[in-house]
Amino acid sequence: MAALLAVEGISKNFSGLRAVADVTFAVPEGEIFAIIGPNGAGKTTLFNMIAGVFRPDTGGITFDGTRIDGMTPDAVCRRGIGRTFQLVRPFPALTVEENVMVGALLRHPNLSSALRRAHEVLWRLDLFDKRTQPASSLTLPDRKRLEVARALATEPKLLLLDEVMAGLRPTETDRMVEILKKINNDTGLTILLIEHVMRAVMSLAARILVLHHGAAIAEGVPEAVVREPAVVQSYLGAEAL
Amino acid sequence: MMKRLLHGVPLHATVLLALLLAALVVAPAFANDYLLTVLIVILYFAYTGQAWNVMMGFAGQLSLGHALYVGLGAYTTAALYVHFGIGPWIGMPMAILISVACGAIIGFLAFRFGVGGVYFAILTIAFAEFARIGFDHFSWVGGSAGFFLPVANYSHDDLMNLRGRPAMFYYVILALTAVAFLLCHALMRSRVGYFWQAIREDEEAARSLGIDTFRYKMYAILISSGMTAPAGVFFAFYYNNLFPEQTFFILRSIEIILGPIIGGVGTLFGPIIGAFLITGLAEVLQELLTWYGFDPPGAKRVFYGLCLLVVVMILPHGVWPPLSRLLRVDRETERTGDKAEP
Ligand SMILES: Nc1ncnc2c1ncn2[C@@H]1O[C@H](COP(=O)(O)OP(=O)(O)O)[C@@H](O)[C@H]1O
Ligand SMILES: [Mg+2]
């Protein structure tokens, strides 16, 4: 089957610093694909290139049969890629449901149908009871789920999640893992996630890409990748196994 | 139509609004000329504040040059009237068109090239200043010597030509303010309104949700500049004289934004409450200082500034948000009404 997302040899330099170096990978439709690597490895930069925030210096990105590198972030979203931010960026003065409704308005121009759609997504993310609270009053775990809800409301074909479990307690992490698994199961949504919490990665991802100093040093199924010496050395450390 | 407009508004809020409107409608029957003049000034600032609020309060774009759109509206209709005998209502679409065209140029230059925040504010000031200097040398409309509409003592109101007594002007500006309020109410609860609020809160996050931020910021400046122009038409026909040094002066732009800031930026009632407070305060201070026979030059301004300072320090989000909670017409109570099921 043709990949939903195909990244081919993309690189990004920040005034001399090579943040992402010649990375290639493909995500088939319906799969949960994880990107791991130490801090500063270039994971977020890679996401930002896919999401249209940065134009890659080299290489190309094909999504759903179309080249999307160089498109603006809003155009990329309209093509069907939803993303979350590592540092959450809710609309603080809006309520939880309004936050999600803004996302839903993309595909449902009618206000009441957008609100209905937002409520469906809020149910999935366990946020329905908090829908009338201002987003600024939410705790971090709730904000992380709001971030996912808002992206989901744009009805993407591919969801990019940047460390949505970082800073969560183990029970909260498990809750997020269950939610993501269920969404992937029910809707067949393709998910590309950056994650540090290995427990979550191991239980979610069908395949893993490991980044180190901007370069891909390993790719494959989780069980194989975590045994590769290069990965253990550069990232996981002996005790993580 | 009415039903749609009032959707989600609690009943007693509608009643309060109807009472306020009724009081304003009957006011001329009880008010003397002085009070009527004050009310006209209040409504003028409520109207312009509402128009400015579309840009800053809804879409988060700070304009410090709204006097430009007032001035363009004023000069356009005044020139059409004086030179060609074209009435203000026929001139108004032209005034709006010119204002919107200017807004489009400013918006395009700023938003296409990513000028935001204080830099955008400076750009709006610059354009108002260009206009001030330009009109100073624009002899067709009097240049720096001023432009005057013919005045007579009117015993009959000529609504078509906006020539008449204060009560007529009062009803004109009241109608404009009511229309602006309804328009803003509809905008705030529309797709565009929510996209604006998303841009105001976090532009990058808004873009990540597929919102073409350039396009929606352009809509904001086009609507706001277009809404502001009729205030200029009113200004020209009410005061009958226009001077570039006053019309386009930055102080005029600042006056426009004081009301919504004191009342509550981004709220529907903020510009109205704010206009009552700032204009009322100025008048009351004047009365008090005269009463006590204490009137050294500048005293009024100093007290005025101090009062505004105190309000802003105690109520950083303006008077309306806490007042709305007090009256129980805020969003929280508004929303308990629609318990939607998934
Ligand atoms: N906008 C930017 N400007 C300059 N340098 C950046 C920028 N974004 C990221 N970097 C640098 O690129 C490298 C990779 O960062 P990042 O992609 O955020 O890593 P990760 O998400 O894997 O922790 C880091 O050294 C970081 O400092
Ligand atoms: Mg990162």
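Procedures and definitions
- Residues numbered from 1 in each chain as written.
- Chains lettered and ligands numbered in written order.
- Predicted model: local features only at pLDDT ≥ 70, side-chain atom pairs only at ≥ 80, totals over all residues.
- Heavy atoms only, no water.
- Helix = DSSP H or I, 4+ residues; strand = E, 2+ residues; numbered from the N terminus.
- Buried < 20%, exposed > 50% of the residue type's maximum accessible area, 1.4 Å probe, protein only.
- Contact = heavy atoms within 4.5 Å.
- Areas by Shrake-Rupley, 256 points an atom, 1.4 Å probe, with all protein chains shown as cover.
- Lys, Arg positive; Asp, Glu negative; His and termini not counted.
- Charge placed at Lys NZ, Arg CZ, Asp CG, Glu CD.
- Phe/Tyr/Trp six-rings, centres within 6.5 Å; stacked < 30°, edge-to-face > 60°.
- Salt bridge = Lys/Arg side-chain N within 4 Å of Asp/Glu carboxyl O.
- Polar contact = N/O pair within 3.5 Å; in protein donor to acceptor, adjacent residues only side chain to side chain.
- Nonpolar A, V, L, I, M, F, W, Y, C, P; charged D, E, K, R; others polar.
- Donors = N, O, S within 2.8 Å, 3.2 Å for Na, K, Ca; no water.
- 1 Å grid on protein atoms, 1.4 Å probe; cavity = no way out; pocket = protein on both sides within 12 Å on 5 of 7 lines; lining within 4 Å.
- Points joined across faces, edges and corners; volume = space filled by probe spheres on them.
- Pairing = 2+ DSSP bridges.
- Axes fitted to C-alpha atoms, helices over the stretch in contact; angles between N-to-C directions.
- Parallel < 35°, antiparallel > 145°, perpendicular 65-115°, else oblique.
- Left-handed = near helix turned anticlockwise from the far one by under 90°.
- Near = heavy atom within 4 Å.

Asker: Tell me about the overall build of chain B, and name the residues and values.
Answerer: When its secondary structure is counted, chain B shows 16 helices and two strands. The principal-axis extents of the C-alpha atoms in chain B amount to approximately 65 × 50 × 45 Å. Classification of the 342 residues of chain B by burial places 48% in the buried group. A fraction of 74% describes how many contacts in chain B between residues 6 or more apart in sequence connect residues 24 or more apart. Working note: accessible area of chain B is about 16200 Å², and carbon and sulfur atoms make up 71% of it. Averaging the locations of the 20 positively and 20 negatively charged side chains of chain B gives two centres separated by 7 Å.

Asker: So what's going on with the packing of aromatic side chains? Which residues, and what values?
Answerer: Two aromatic rings, taken as a pair, are described by how far apart their centres are and by the angle between their planes. Residue and element names in this part refer to chain B. For the structure on display, the rule yields 29 aromatic pairs over all chains. Arranged with centres 6.0 Å apart and planes meeting at 80°, the rings of Phe108 and Phe214 form a pair that is edge-to-face. With Phe108 in helix 5 (residues 88-112) and Phe214 in helix 10 (residues 213-239), this pair connects stretches of sequence that are 106 residues apart. On the numbers, 4.9 Å between centres and 50° between planes, the contact of Phe235 with Tyr239 is tilted. In this pair, Phe235 and Tyr239 both sit in helix 10, four residues apart, roughly one turn of the helix. By relative accessible area, which is 17% here, Phe235 ends up buried. Aromatic ring contacts, followed pair by pair, group Tyr44, Phe45, Phe169, Phe234, Phe235, Tyr238 and Tyr239 into a single cluster.

Asker: Tell me what's going on with the interface of chain B and chain A, and back it up with residues and numbers.
Answerer: A common way to report how large an interface is uses the accessible area buried once the components associate. Listed by partner, the interface residues are 25 residues for chain B and 31 residues for chain A. Run the count over chain B and chain A and you get three salt bridges. Summed over the shared surface of chain B and chain A, the number is eight residue pairs in polar contact (both at pLDDT 80 or more). Of all the secondary structure elements, the ones that give two or more residues to the side of chain B that touches chain A are helix 8 (191-201), helix 9 (203-208) and helix 16 (331-335) of chain B. In terms of residues, the side of chain B that touches chain A owes the most to one element, helix 8 of chain B, which gives seven residues. Looking at the side of chain B that touches chain A residue by residue, the class counts come to nine nonpolar, four polar and twelve charged.

Asker: Please give an account of the side chain of Asn48 of chain A that cites residues and values.
Answerer: Residue and element names in this part refer to chain A. Relative to the helices and strands, Asn48 is located in helix 1 (residues 43-50). Exposure remark for Asn48: the relative accessible area of 11% places this residue in the buried category. What Asn48 contacts, discounting residues up to four positions off in sequence, is Val53, Phe54 and Arg83.

Asker: Describe the coordination of the magnesium ion (ligand 2), and please don't skip the residues or the numbers.
Answerer: Under perfect tetrahedral coordination by four donors, a metal shows angles of 109.5 degrees; under perfect octahedral coordination by six donors, it shows angles of 90 or 180 degrees. Around the magnesium ion (ligand 2), the donor atoms from the protein are Thr44 of chain A (OG1) and Gln86 of chain A (OE1), and they sit 2.0 to 2.2 Å away. Taken together, the positions of Thr44 of chain A in helix 1 and Gln86 of chain A in the loop between strand 6 (81-83) and helix 3 (96-104) put the pair 42 residues apart, joining distant regions of the chain.

Asker: If you had to explain unusual backbone geometry to someone new, which residues and values would you point to?
Answerer: Residue and element names in this part refer to chain A. The phi dihedral of Glu155 is positive, around 55°, even though this residue is not glycine. Relative to the assigned elements, Glu155 resides in the loop between helix 5 (140-153) and strand 7 (158-162). Even without being glycine, His213 reaches a positive phi, approximately 50°. Among the secondary structure elements, His213 is positioned in the loop between strand 9 (207-212) and strand 10 (215-220). On the basis of relative accessible area, His213 is assigned to the exposed category, the value being 63%.

Asker: Now, about the pattern of salt bridges: what can you tell me, with residues and values included?
Answerer: Within the structure shown, the criterion is met by 28 salt bridges over all chains. Between Asp74 of chain A and Arg207 of chain B there is a salt bridge, with its nearest N and O atoms 3.4 Å apart. Of this pair, Asp74 of chain A sits in helix 2 (residues 73-79) while Arg207 of chain B sits in helix 9, on two different chains. The class for Asp74 of chain A is buried, based on a relative accessible area of 4%. Residue Arg207 of chain B is classed as partly exposed on the basis of its relative accessible area, which comes to 24%.

Asker: Please set out helix 1 of chain A residue by residue, giving values where relevant.
Answerer: The buried fraction of helix 1 of chain A amounts to seven of the eight residues, a majority that puts the element mostly inside the structure. Looking one or two residues beyond helix 1 of chain A, the residue adopting positive phi is Gly52 of chain A, at roughly 90°.

Asker: Could you give an account of empty space enclosed by the protein, naming the residues involved and the relevant values?
Answerer: Taken as a whole and judged by the stated rule, the model has two cavities of 30 Å³ or more. Volume-wise, the largest cavity comes out at about 50 Å³. Ala51, Val53, Pro73, Val76, Cys77, Ile81, Gly82 and Arg83 of chain A together with Ser208 of chain B are the residues that line the largest cavity. Looking at the lining of the largest cavity, the elements that each hand over two or more residues are helix 2 and strand 6 of chain A. Looking at the lining of the largest cavity residue by residue, the classes come out as six nonpolar, two polar and one charged.

Asker: Which residues make up the sheet that holds strand 8 (residues 190-194) of chain A, and what values go with them?
Answerer: Note: strands within a sheet are paired through backbone hydrogen bonds, in either parallel or antiparallel orientation. All names here are of chain A. Strand order in this open sheet of six strands is 6-7-8-3-9-10, and the pairing throughout is mixed. Of all the strands in the sheet, the pair left with one neighbour each is strand 6 and strand 10. Recorded for the sheet is a direction-independent mean angle of 15° between the axes of neighbouring strands. The pairing of strand 6 with strand 7 spans three bridges and is parallel. When the bridges of strand 7 are listed, Ile81 appears paired with Leu158. Helix-sheet contacts for helix 5 involve strand 6 and strand 7, and the interaxial angle to strand 7 is about 160°.

Asker: Could you give an account of the packing of helix 3 of chain A against helix 4 (residues 111-124) of chain A, with specific residues and numbers?
Answerer: Residues and elements named next belong to chain A. Contact geometry of helix 3 with helix 4 gives a least axis separation of 8 Å together with a crossing angle of 115°. By the angle between their directions, the pair helix 3 and helix 4 is classed as roughly perpendicular. In this structure, the crossing between helix 3 and helix 4 has a hand that is right-handed. Taking contact as the criterion, the partners of Val96, Glu97, Val100, Met101 and Ala104 in helix 3 are, on helix 4, Leu111, Ala114, Leu115, Arg117, Ala118, His119, Val121 and Leu122. When the residues that make up the contact of helix 3 with helix 4 are grouped by side-chain class, the tally is ten nonpolar, one polar and two charged.

Asker: If you had to explain the site of ligand 1 to someone new, which residues and values would you point to?
Answerer: Residue and element names in this part refer to chain A. Around ligand 1 sit Phe14, Leu17, Ala19, Pro38, Asn39, Gly40, Ala41, Gly42, Lys43, Thr44, Thr45 and Phe54, and those are all the residues in its vicinity. Within the contact set of ligand 1, an oxygen atom lies 3.0 Å away from a backbone nitrogen or oxygen of Gly42. Contacts to ligand 1 include Thr44, whose side-chain N or O atom sits 2.7 Å from an oxygen atom. Secondary structure elements with two or more residues in the shell around ligand 1: strand 2 (17-28) and helix 1. At three residues, helix 1 tops the list of elements feeding residues into the shell around ligand 1. Tallied by class, the residues present in the shell around ligand 1 amount to six nonpolar, five polar and one charged.

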